Amino acid sequence: MRIARFSIDGNVAFGAVEGDDTVDSPGLVLDIIKGIPFADFELSGTKVPLSKVRLLPPVLPNKVVAFGRNYAEHAAELGNEVPDAPFAFFKPSTSVVGPGDPIAYPSFSQELHHEAELAVVIGRMCREVPRERVKDVILGYTCANDVTARDVQKREKQWARAKGFDSSCPLGPWVETDLDPGDLAIQCTVNGEQRQLGRTSQMIHSIEELIVNISEAMTLLPGDVILTGTPAGVGPLNVGDEVAVTIQGIGTLTNKVIKRG
């Protein structure tokens with residue numbers, strides 16, 4: 001099931017996406033969900049065309065836990081060693097935007113980069129999750145762009161500002177709940193030109209390892225998001241660019257870079 005979060009006539013709701021695979025397909029409709037997707041819910045049978053709503057970030061996470069250097073070729077392209085253990089950092093909830101929302105180029109950076117990633121959405125409160133139970137705590141998967149102020153990341157040595165600025169975490173277009181994430185194609189294009197192309201099977205540390213690792217330290221809440229790393233090919237974004245992240249079996253997340261007002 002594809003679960004989207006949307007607004008219509010000033011109201012926010014969740015809905016199950018029905019129809020073709022792409023956001024722009026005219027045949028897509030939303031069957032409005034009674035309740036929230038993190039508990040038992042029913043489909044209302046009330047359907048609205050996707051073209052009549054505004055898609056929002058599919059979840060509003062309490063926290064976004066991101067893992068860096070989880071693809072060997074990406075670590076190498078930035079001159080970094082591959083860490084022996086998962087390497088985590090955080091992006092605040094205020095960094096999250098949805099499909100079609102602008103990425104505001106931060107005034108304190110001169111080198112903004114795209115990073116296409118598979119995002120895992122947590123479906124239930126959990127802590128110290130054993131490897132064999134990881135699938136039980138996952139609601140589904142969505143596309144993410146870990147937008148990074150690369151010059152700031154290098155200069156400041158820690159990543160709070162470089163990766164946590166407003167609009168640095170686009171998510172969407174929806175959460176796919178029925179998906180095997182083991183070997184999915186991940187692509188990033190900028191203005192239609194391919195920049196990144198990799199597969200989730202190239203991850204150094206699996207999704208199971210990442211969730212075991214972080215849940216040893218902290219409680220994960222429904223709607224929290226885990227970013228699983230980016231394949232090689234990261235590169236610059238400029239004001240006016242349109243950046244799209246496409247993941248096999250999920251869809252495409254598209255955002256445009258604007259000058260921060």
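Residues numbered from 1 in each chain as written. Predicted model: local features only at pLDDT ≥ 70, side-chain atom pairs only at ≥ 80, totals over all residues. Heavy atoms only, no water.

## Description of the overall build of the chain
Broken down by element type, the chain carries four helices and 20 strands. What you see for the chain is a C-alpha radius of gyration of 17 Å, in line with the 18 Å of a compact globule of 261 residues. In terms of principal-axis extent, the alpha carbons of the chain reach across some 55 × 45 × 30 Å. Sequence-distant contacts in the chain: of pairs separated by 6 or more residues, those separated by 24 or more amount to 70%. Within the structure as shown, the chain displays about 11,500 Å² of accessible surface, and the carbon and sulfur contribution to it stands at 48%. Measuring between centres, the 25 positive side-chain charges of the chain sit 6 Å from its 34 negative side-chain charges. (Helix = DSSP H or I, 4+ residues; strand = E, 2+ residues; numbered from the N terminus. Rg over C-alpha atoms; globule rule 2.2 N^0.38 Å. Contact = heavy atoms within 4.5 Å. Areas by Shrake-Rupley, 256 points an atom, 1.4 Å probe, with all protein chains shown as cover. Lys, Arg positive; Asp, Glu negative; His and termini not counted. Charge placed at Lys NZ, Arg CZ, Asp CG, Glu CD.)

## Let's talk about the nonpolar core
Membership of the largest hydrophobic core comes to 51 residues, with the highest contact counts inside it found for Ile211 and Ile226. Residue contacts for Ile226: discarding those within four places in its chain leaves Val65, Phe67, Leu118, Ala119, Val120, Ile122, Ile211, Ile214 and Leu220. In this structure, Trp159, Val175, Val225 and Leu227 belong to the second largest nonpolar core, which totals 15 residues. (Core = buried A, V, L, I, M, F, W, Y, C linked by side-chain atoms within 4.5 Å. Buried < 20%, exposed > 50% of the residue type's maximum accessible area, 1.4 Å probe, protein only.)

## A short note on the pattern of salt bridges
As enumerated under the stated definition, the model contains eleven salt bridges in all. Residue Glu18 pairs with Lys47 through a salt bridge whose shortest N-O separation is 3.0 Å. Of this pair, Glu18 sits in strand E2 (residues 11-18) while Lys47 sits in strand E4 (residues 42-49), and the two are 29 residues apart along the sequence. Judged by its relative accessible area of 26%, Glu18 falls in the partly exposed class. (Salt bridge = Lys/Arg side-chain N within 4 Å of Asp/Glu carboxyl O.)

## Some words on the sheet that holds strand E13 (residues 148-149)
One open sheet accounts for three strands, arranged E13-E10-E18; its pairing is antiparallel. The open sheet has two free edges, formed respectively by E13 and strand E18 (235-237), since each of these has just one partner strand. Bridging between strand E10 (residues 112-114) and E13 involves two bridges; their strand directions are antiparallel. Bridge pairing in E13 places Leu112 opposite Ala149. (Pairing = 2+ DSSP bridges.)

## A look at the sheet that holds strand E19 (residues 242-247)
Strand order in the open sheet formed by five strands is E9-E20-E19-E15-E16, and the pairing between neighbours is mixed. Looking at strand neighbours, the two that pair on one side only are strand E9 (103-105) and strand E16 (193-199), the edges of this open sheet. With strand direction ignored, the average angle separating the axes of adjacent strands in the sheet is 20 degrees. Bridge analysis of strand E15 (residues 185-190) against E16 gives six bridges, and the strand direction is antiparallel. If you follow Ile186 over to E16, its bridge partner there is Gly198. (Axes fitted to C-alpha atoms, helices over the stretch in contact; angles between N-to-C directions.)

## Overview of the environment of Gly15
Counting through the fold element by element, Gly15 comes out in strand E2. Between the C-alpha atom of Gly15 and that of Pro102, which follows or precedes it by 87 residues, the distance is 23 Å. Leaving out residues up to four positions away in the same chain, Gly15 has contacts with Arg2, Ile3, Ala4, Phe6, Leu30, Asp31, Ile32 and Ile33.

## Side note on unusual backbone geometry
In this chain, Gly172 is followed by Pro173 through a cis amide linkage whose omega measures 5 degrees. Structurally, the position occupied by Pro173 is in strand E14 (residues 169-176). For Lys157, which is not a glycine, the phi torsion comes out positive at approximately 70 degrees. By the element assignment, Lys157 lies in the loop between helix H2 (150-156) and helix H3 (160-164).

## Comments concerning helix H4 (residues 207-215)
Buried residues of H4: Ile207, Leu210, Ile211, Ile214 and Ser215, and no others. The arc that holds every buried residue of H4, seen down its axis, measures 115 degrees, which confines them to one face. On its buried face, H4 is in contact with strand E6 (64-68), strand E7 (87-91), strand E11 (116-122), strand E12 (138-145) and strand E17 (225-227). (Arc of directions from axis to C-beta.)

## Some thoughts on the state of the cysteines
Within this structure, the stated rule accounts for zero disulfides. Not part of a disulfide, Cys188 finds its nearest cysteine sulfur in Cys143, a span of 11 Å. (Disulfide = S-S within 2.5 Å.)

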